[in-house]
Amino acid sequence: MRGPSETFPLDEASIHSALGTAPKEDPARVREILAKAREMKGLADLDLPPLMAAQDPDLLREIFDAARWVKDQIYGNRIVMFAPLYVSNLCANECLYCAFRASNRELKRRALSQAEIAAEVDCLLSQGHKRLVLVAGEAYPKEGLDYILSAIRTVYAVRRGDENIRRVNVNIAPLDVPDFRRLKETEIGTYQLFQETYHRETYARMHQRGLKADFDWRLGCMDRAMQAGIDDVGIGALFGLYDWRFELLAIMHHARHLEARFGCGPHTISVPRIEPAEGSATSEHPPHAVRDEDFWKIIAILRLAVPYTGLILSTRERPEARRTALQLGISQISAGSRTNPGGYEDDSEGGAQFSLGDHRSLDEVVRDLAETGFIPSFCTSCYRMGRTGVDFMDLAKPGEIKAHCHPNALSTLQEFVEDHASPGTRRAAEQLIASDLAQLDPRIRVQSERMVAQVKEGARDVFC
Ligand code: SAM
Ligand code: SF4
C-alpha cells in the first residue's frame, strides 16, 4: 500500500541557477575550491560549477590529483568487492532504457525459485564472493514483497562448507514505511535505489507507465527507508538521461537533505551510465550520453564533494574505464557479474537487463587490482558490528575507520587467496599483502599481521 508521499524538497530552480554561475573556466577559483576540498569537509553548491566547467588539461589534472589525494587519505588503496544477484526480471514498469520493461515481449522472463536462488548463491560462494546486492524488477510473484524477504533469508542461509554470504544489500523498488520495516528485519546491509534522473520532466518522459511513473514516490523513498530505521542507504542517478551537471548537484542536494533530516547522509552513491539494453532504442542512443572525459569529472567531483560517502561502479564499465575510475575516487566495484536471473549457474538463456562492459571473472579482477596496488576487500565487518548510519560516519569522519578497514581488507583478501585464488592471483595478492604490511603504520600493522596469520592458519571470518 502506498502511504502519503514523503518527498525531499528538490528545488530545480536553485540547481539551474547554481549551474548558471560558472559559464567559463576560472583556474584561480578552481584552485581555491581544491584547497578547500583537501580539508575533506565537502563542498558547497557553488563550488561545483567551476569544477564542472574546467577544460584545460593541466587544470583537469589538478582536479584529478586532488580527488586521488582525498581518496588516498580516506580509503587508502582498498576496494570493496561485490556481485549483483538478479532474482527476477518480471516488471510492470515501462522504463524506456531497460530490457526488463513490461512491453519487451522478446525478453525471456523468469523469477527464480528459492532453490534456484540458493543455487546462484552457491555459485557466487564458489567464486569467493561474500557481499551481494539483490536486484529485481518491479513485479513480484504472487507472494509480493514476501518473495523478496524470503529470497534474502535464503541467501543468508546458504552454506558452502564454512562459507556464506555475509552482507546482502538490496536494490528493489520503493516501499512504504511499514514494508521498509519488514525489509530491515531481514538484516539487509544497504538499501539502494537510483532516482534515475532528478529532472522531473525527463523522468516523466522516460517512465510513462507503471508505479515507477510517480516521480515523487521515488524521490521520497530514502526518507521512508530511513524513517523505518534503515541506516545505510545508497542513492544514484542513471547517467545519460539528462545533463550530468544537473544530476550531480541534485545528488548533492539529496545527500544534504538526508544528512539534515536524519543526521547521516547516504552510505553510498552509484554512478551507472546507460548501457545498451535488448530492444531499447533509448539505451542505444541515450539523450545525454556521458563521454569518458565527463565521467571522470563526475567521479572526481563527487569524491571531493562528499569525501566520506562510498562510490560504487559496476561492471557496466569496461576494464580500462574502471582502472581510471578507481584512481579518481571509486571505493566499491562489482566483479564477475550477470544481470539475468539464473545467469551464474547457466548463462546461456538470455534475459539480461543490459550488456556488460567488463566480462572478467572475480579472480581476474582481483589479480588486476592486486597488480596495480589496490587491495580487493571482502570485508563485511561494519554492519555486523553495528557500525552503520551515524555511528559509521562518527568513526569515518575523524579517519578512525581505517584501523578497522585496513586489517579487515587484508584478512579477507588472505581468505580469498587461501580458498579461491588461481596460482597467478595468489602470487599477485600475496606480494601485495607483504608489501602493504611492510609500509603500514605500526599500530595498524600489528593487528593486520595477526589477523592475516590467523587466516593462514585456518581461521575464517576474522575481523575487527
Ligand atoms: N527495478 C528496480 C528499479 O528500477 O529501481 C530495481 C532494480 S533495476 C534492475 C536497477 C537499476 O538498473 C535501475 O535503477 C537503473 O538505474 C539500472 N538500469 C536499467 N537499465 C539500464 C541500462 N540500460 N544501463 C544501465 N543501467 C540500467
Ligand atoms: Fe523495471 Fe527497474 Fe528495469 Fe524499470 S529499471 S523496467 S523498474 S527493472
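Residues numbered from 1 in each chain as written. Chains lettered and ligands numbered in written order. Predicted model: local features only at pLDDT ≥ 70, side-chain atom pairs only at ≥ 80, totals over all residues. Heavy atoms only, no water.

A. Fine view of empty space enclosed by the protein. Taken as a whole, this structure holds seven cavities of 30 Å³ or more when the rule is applied. Tyr86, Asn171, Phe194, Arg316 and Gln353 are, among the 44 residues lining the largest cavity, the residues nearest its centre. The residue makeup of the lining of the largest cavity, split by class, is 24 nonpolar, 11 polar and nine charged. (1 Å grid on protein atoms, 1.4 Å probe; cavity = no way out; pocket = protein on both sides within 12 Å on 5 of 7 lines; lining within 4 Å. Points joined across faces, edges and corners; volume = space filled by probe spheres on them. Nonpolar A, V, L, I, M, F, W, Y, C, P; charged D, E, K, R; others polar.)

B. Seen up close, the pairing of strand β5 (residues 233–236). Covered by surrounding structure in β5 are Val233 and Ile235 together with Gly234 and Gly236, the residues of both alternating faces. Where strand β4 (residues 191–192) lies against β5, two bridges are found, and the strand directions are parallel. Bridging across to β5, Tyr191 finds its partner in Val233. As defined by bridge partners, β5 adjoins strand β6 (residues 268–270) across three bridges and the pair is classed as parallel. Note that in β6 the partner of Gly234 across the bridge is Thr268. Between β5 and its parallel partner β6, the chain crosses via helix α11 (residues 244–262), and the hand of that crossover is right-handed. (Buried < 20%, exposed > 50% of the residue type's maximum accessible area, 1.4 Å probe, protein only. Helix = DSSP H or I, 4+ residues; strand = E, 2+ residues; numbered from the N terminus. Pairing = 2+ DSSP bridges. Right-handed = clockwise from strand over helix to strand, strands pointing away.)

C. Fine view of the environment of Phe354. With respect to the helices, strands and loops of the structure, Phe354 is situated in the loop between β8 (332–334) and α15 (362–371). The exposure class assigned to Phe354 is buried, which follows from its relative accessible area of 12%. Residues Phe354 and Phe100, spaced 254 residues apart in sequence, show a C-alpha to C-alpha distance of 8.9 Å. Setting aside residues no more than four positions away along its own chain, Phe354 makes contact with Tyr86, Glu275, Pro276, Ala277, Arg316 and Thr339. (Contact = heavy atoms within 4.5 Å.)

D. Quick look at the pattern of salt bridges. A complete count under the given rule lists 37 salt bridges for this structure. In this structure, the salt-bridge partner of Glu163 is Lys130, at a minimum N-O distance of 3.0 Å. Here Lys130 lies in the loop between α5 (114–127) and β2 (131–136) and Glu163 lies in the loop between α6 (145–157) and β3 (167–171), a separation of 33 residues in the sequence. For Glu163, a relative accessible area of 8% gives the class buried. Look at the salt bridges and you will find they share partners, linking Arg273, Asp292, Glu317, Arg318 and Glu320 into a network. (Salt bridge = Lys/Arg side-chain N within 4 Å of Asp/Glu carboxyl O.)

E. Expanded view of the environment of Val121. Mapped onto the elements, Val121 comes out in helix α5. Classification of Val121 as buried rests on a relative accessible area of 0%. Separated by 38 residues in the primary sequence, Val121 and Arg159 have C-alpha atoms spaced 9.0 Å apart. Each residue touching Val121, except ones within four places of it in the same chain, is listed here: Leu85, Leu132, Val155, Val158 and Ile165.

All quantities given are derived from atomic positions and should not be read as evidence of function.
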